Amino acid sequence: MMSFVRILAALALVCASGTALAQERERIVFSVISTEQTEAVEALWQPFVEDMEETTGLDIELVSAIDYAGVIEAMRFGQVDVGWFSNLSGLQAIRLADAEVFAKTLYPGGQEGYRSVILVREDSPIRTLEDLLVCDGSMSFALGDPNSTSGTLVPLAYIFAPRGIDPQSCFAQVTNANHEQTALAVVNGFVDAGTNNTTNLDRLRQTRPEALAGLRILWSSPLIQTDPIVWRRDLSEDVKSELLSFFLTYGFRGDAAQREYEQGVLDRLFLGGFLPATDEHLLPIRRLELMRDLAETQASEALEEGERTARLEQVELAMRELAVEERRVAVRDLADDLIAARSRMDAEPDAASADINSLVSAFLAAQPRIEVERRIRRVTAGELTRGLIGLGSGLALFAVLMIRSRPPRFGPSRLMSDRLIDAAIWSGLFGLLIWSFWPAEMFKLPLLGSNAPRMGEYIAGFFQLDLDGWETYARQTLITVQIALWGTVVAVIAAIPFGLLASRNIAPVWIVQPVRRLMDAFRAINELVVAAIFVAAVGLGPFAGVMALALHTTGVLAKLFSEAVEAIDDGPVEGVRATGAGPMNEVVWGVIPQVIPLWASYALYRFESNTRAATILGLIGAGGIGQVLIQNIRSFEYGKTATILLIIIAAVTAVDLISQMLRRRLV
């Protein structure tokens, strides 16, 4: 039989060849932020991306994400090239990912802005902002992503900061979610109020009119500029020109049929087209940030007077510098000319289309250009081709294994069935590895070495500890441990009867199989999904986290408990049975004493695992440190994130030490 080392060597050779092919491909990754279900957003943007690919000749990959911070970090390290951002997240991309704005969106009808809103249920007793901002801890509130303009920055700048209100202390519970999730949480009564924007409400009016009917706008902000389209500053000038030409002409080019089709694509995206823009597009957002900082500094009770004065001077200086920069911003001639040309599209479609193309061409011709050598584009093998390669590799290895496993002439013989099974297992595994090599993107393995400095740069941000608020982090981590403790205890209590009923040597098969399938279902569903279900039933808070962990852990422990029962010695059970005792006594006196040590060990191990799992349940409002952790990561507060992680590590270590001590006492 071919040695395992040779098999790995052959696999490495295939990996190396796949890596070489992958590295020769040129690809532009275009990211859109999903404020709704990711699948729906990708389906809406796919025709636009296909047109972009056809027009520019670039290989465009569409990715959709619900997390602004993740996309910004991906752009920072060259994994995303172009993106549709919100205003605030676009500003963060400029600051952190060396990005720049090159275009901005228009809404249908030509509107150049939208508004942030606060939503409540139609039948809510909250009628005014004053009703909402009583700050007695009796209500819950949903903010958007920390990098969301309408979901977080605008409400903080216009509502909370001027009043000196911290949402975390004002409300009983503050959650973070995308716009659609927030709207549904409000209409279903999971939170009392939440932020959103008029653009998303327009989408909901078409996709979920029944949800919108149950909502009422409590507050609306001044007009916010439309969203920016951002690219990495270090993209080649050729690629930038092709992308810019496509965005500025899309929906207003070609013959009538093409314009009608492209306008239909834009309509489904709730867009009216694109206009050129620069980083100056985000100057109003910078002013909003300074307004928020100024109000928060003035209202803060934690600052000494000298520190307050120093911070106010810094903010006021930044506002004066921003005012100078704003005065230098000139009106974009190209944007005005494009708007004028598009207004003539209905009356003079051919002439207007020609003018638009002429304007864009002249604009591009005036831009500085750098000649960049293009890399050769290669078409990757399709799914069928990869499957055939994997099948062929597996069959080739199968033949080699069958030949090599043939017994020597004078040696011991081997059954043909054993040889076939061994060869099928190894060749099948090898074929599956080859088949899944490209879908799993294993060709990126060398990037771990070549991009190691990037990971080091990212990790370095965690070494600047920010200990402000560590008491709050410790308290939330303690709640996380308490959630894990109660979740484990409830699971142990439930797993004992389920484990016995799932044991073949205790229960009849017609009971064993249904119980085992039920436990499979408990284990298969992730804790976050289960927690969301319980949030719907019991509301936000730690109890939903307890029940989520309990349900999932019950499925795990019931399986482990049943396997321990099936491995017991039958002697003690038969001895109890010989005394004339009933089935219950056989279990109590013959089975449980044998499995108690293993059961205790399993339960303690799951308590340790649940402590780690409970740290993320706060993401969906199920209590604990998870929500605070993800908020700081999304806000790029790496010093505070590092403090939280250290506290979590300390808590998990303490739980591990206690578990070891208890295990030695019980086992």
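Below: a short report on this structure. Small disclaimer: the values here were computed from a predicted structure and weren't measured. (Residues numbered from 1 in each chain as written. Predicted model: local features only at pLDDT ≥ 70, side-chain atom pairs only at ≥ 80, totals over all residues. Heavy atoms only, no water.)

## Things to note about the overall build of the protein chain
What counts here: By definition, any uninterrupted DSSP run of H or I lasting at least four residues is a helix, any uninterrupted run of E lasting at least two residues is a strand, and each is numbered from the N terminus. Summary of the burial criterion: residues with accessible area below 20% of their type's maximum are buried, those above 50% are exposed, and those between are partly exposed, where the area comes from a 1.4 Å probe applied to protein chains only. Contacts are assigned to residue pairs that have any heavy atoms within 4.5 Å of one another.
In terms of regular secondary structure, the protein chain is built from 28 helices and 13 strands. Across the 667 residues that make up the protein chain, the buried fraction comes to 45%. Taking the contacts inside the protein chain whose residues are at least 6 apart along the sequence as the reference set, 78% of them involve residues at least 24 apart.

## Some points on the nonpolar core
What counts is decided by this rule: We define a nonpolar core as any set of buried Ala, Val, Leu, Ile, Met, Phe, Trp, Tyr and Cys residues linked to one another through side-chain atoms lying within 4.5 Å.
Met-75, Ile-118, Leu-132, Phe-141, Phe-160 and Phe-171 are the most contacted members of the largest nonpolar core, which has 46 residues in total. Ranked by the residues each element gives to this core, the list is headed by helix H6 (residues 149-160), at six residues. Apart from residues lying up to four places away in sequence, Met-75 is in contact with Val-80, Asp-81, Val-82, Gly-83, Phe-85, Ala-93, Ala-97, Ala-99, Val-230, Trp-231 and Arg-232. One finds Phe-48, Met-52, Leu-244 and Val-265 within the second-largest nonpolar core, a separate group that totals 30 residues.

## Some words on the sheet that holds strand S7 (residues 140-143)
Note the following rule: Here the rule is simple: two strands pair whenever DSSP picks up at least two bridges between them. Here the axes come from fitting lines to C-alpha atoms, over the contacting stretch only for helices, and the angles between their N-to-C directions go from 0 to 180 degrees.
The strand order across the open sheet built from five strands is S8-S7-S9-S6-S10, with neighbouring strands paired in mixed fashion. Sheet topology places strand S8 (173-176) and strand S10 (215-220) at the edges, where each strand pairs with a single neighbour. Across this sheet, the average inter-strand angle for adjacent strands is 30°, counted without regard to direction. Bridge count between S7 and S8: four bridges; the pairing is parallel. Paired with Ser-140 across the two strands is Gln-173, which belongs to S8. Sheet strands touched by H6: strand S6 (116-121), S7, strand S9 (193-197) and S10. Its angle to S9, the strand with the most contacts, is close to 115°. Along the sheet face, helix H9 (residues 198-207) touches S6, S9 and S10 and points at about 90° away from the line of S9.

## Some remarks on the state of the cysteines
Going by this rule: Note that a disulfide, as used here, is simply two cysteine sulfur atoms within 2.5 Å.
Tallied over the entire structure, the rule returns one disulfide. Here Cys-135 connects covalently by a disulfide to Cys-170, the sulfurs 2.0 Å from one another. Note on the Cys-135 and Cys-170 pair: the S-S dihedral is about -90°, so by sign convention the disulfide is left-handed. Taken together, the positions of Cys-135 in the loop between helix H5 (129-132) and S7 and Cys-170 in helix H7 (residues 167-170) put the pair 35 residues apart, joining distant regions of the chain. Judged by relative accessible area, which is 30%, Cys-135 ranks as partly exposed.

## Some remarks on the environment of Ile-533
Position of Ile-533 relative to the elements: it lies in helix H23 (residues 527-538). Under the relative-accessibility criterion, Ile-533 is labelled exposed at 53%. Note: C-alpha distance between Ile-533 and Ala-548 (15 residues apart in sequence) is 8.4 Å.

## Looking at the packing of helix H4 (residues 87-97) against helix H13 (residues 283-299)
Working note: a packed helix pair is described by the angle between its axes plus the distance between those axes. Short version of the rule: Roughly parallel refers to an angle under 35 degrees, roughly antiparallel to one over 145, roughly perpendicular to one between 65 and 115, and oblique to any angle outside these ranges. Each residue is assigned to one class: nonpolar for Ala, Val, Leu, Ile, Met, Phe, Trp, Tyr, Cys and Pro, charged for Asp, Glu, Lys and Arg, and polar for all the others, Gly among them.
As a packed pair, H4 and H13 sit with axes 10 Å apart at the nearest point and diverge in direction by 95°. Classified by the angle between their axes, H4 and H13 sit roughly perpendicular to one another. Each of Asn-87, Leu-88, Leu-91 and Arg-95 in H4 lies in contact with H13, whose residues at this interface are Ile-285, Arg-286 and Glu-289. Along the lines of polarity and charge, the residues of the contact of H4 with H13 split into three nonpolar, one polar and three charged.

## Thoughts on the side chain of Thr-480
Relative to the assigned elements, Thr-480 resides in helix H21 (residues 470-501). Relative accessible area serves as the criterion here: at 1%, Thr-480 is assigned to the buried category. If sequence neighbours within four positions are ignored, Thr-480 has contacts with Thr-611, Ala-614, Thr-615, Gly-624 and Ile-625.

## Quick word on the packing of H21 against helix H24 (residues 542-566)
Heads up, the condition is: By the definition used in this description, the sense in which the near helix is turned from the far one sets the handedness, with an anticlockwise turn below a right angle giving left-handed and a clockwise turn giving right-handed.
One can describe the packing of H21 onto H24 by two numbers: an axis separation of 6 Å at closest approach and a directional angle of 40°. Looking at the two axes, H21 sits oblique to H24. Crossing hand, H21 versus H24: right-handed. Class assignment of the residues belonging to the contact of H21 with H24 gives a composition of 20 nonpolar, six polar and no charged.

## Details of the pattern of salt bridges
As a reminder of what qualifies: The rule for a salt bridge is simple: a side-chain nitrogen of Lys or Arg has to be within 4 Å of a carboxyl oxygen of Asp or Glu.
Applying the stated criterion across every chain yields a total of 18 salt bridges. Residues Asp-202 and Arg-205 are paired through a salt bridge, measuring 2.8 Å at the closest nitrogen-oxygen approach. You can see Asp-202 and its partner Arg-205 sitting in helix H9, three residues apart, about one turn around the helix. Among the ionic pairs, Arg-517 bridges to Asp-520, the shortest N-O distance being 2.9 Å. Here the residue Arg-517 and the residue Asp-520 both occupy positions in helix H22 (residues 509-524), the gap between them amounting to three residues, near one helical turn. Each member of the salt-bridge network shares a partner with another, and the members are Asp-98, Glu-100, Arg-233, Glu-237, Lys-240 and Asp-279.

## Re the packing of aromatic side chains
We describe a pair of aromatic rings using the distance from one ring centre to the other and the angle between the two ring planes. The test is simple: Whether two aromatic rings pair depends on their centres lying within 6.5 Å, for rings of Phe, Tyr and Trp, where Trp uses its six-membered ring; planes under 30 degrees apart make the pair stacked, over 60 edge-to-face, and the rest tilted.
This model, assessed by the stated rule, comprises 19 aromatic pairs. Their ring planes at 80° and their centres at 5.7 Å tell us that Phe-246 and Phe-247 sit as a pair that is edge-to-face. Take Phe-247: its relative accessible area is 0%, and that puts it in the buried class. By way of ring pairs, the aromatic residues Phe-30, Trp-45, Phe-48, Trp-84, Phe-102, Trp-231, Phe-246, Phe-247, Tyr-250 and Phe-274 are connected into one cluster.

## So, unusual backbone geometry
Outside of glycine, negative phi angles account for most residues, and trans bonds account for most peptide bonds. A positive phi angle is found at Asp-98, which is not glycine, with a value near 50°. For Asp-98, the position within the fold is in the loop between H4 and strand S4 (99-106). In this structure Asp-98 comes out as partly exposed when scored by relative accessible area, which is 46%.

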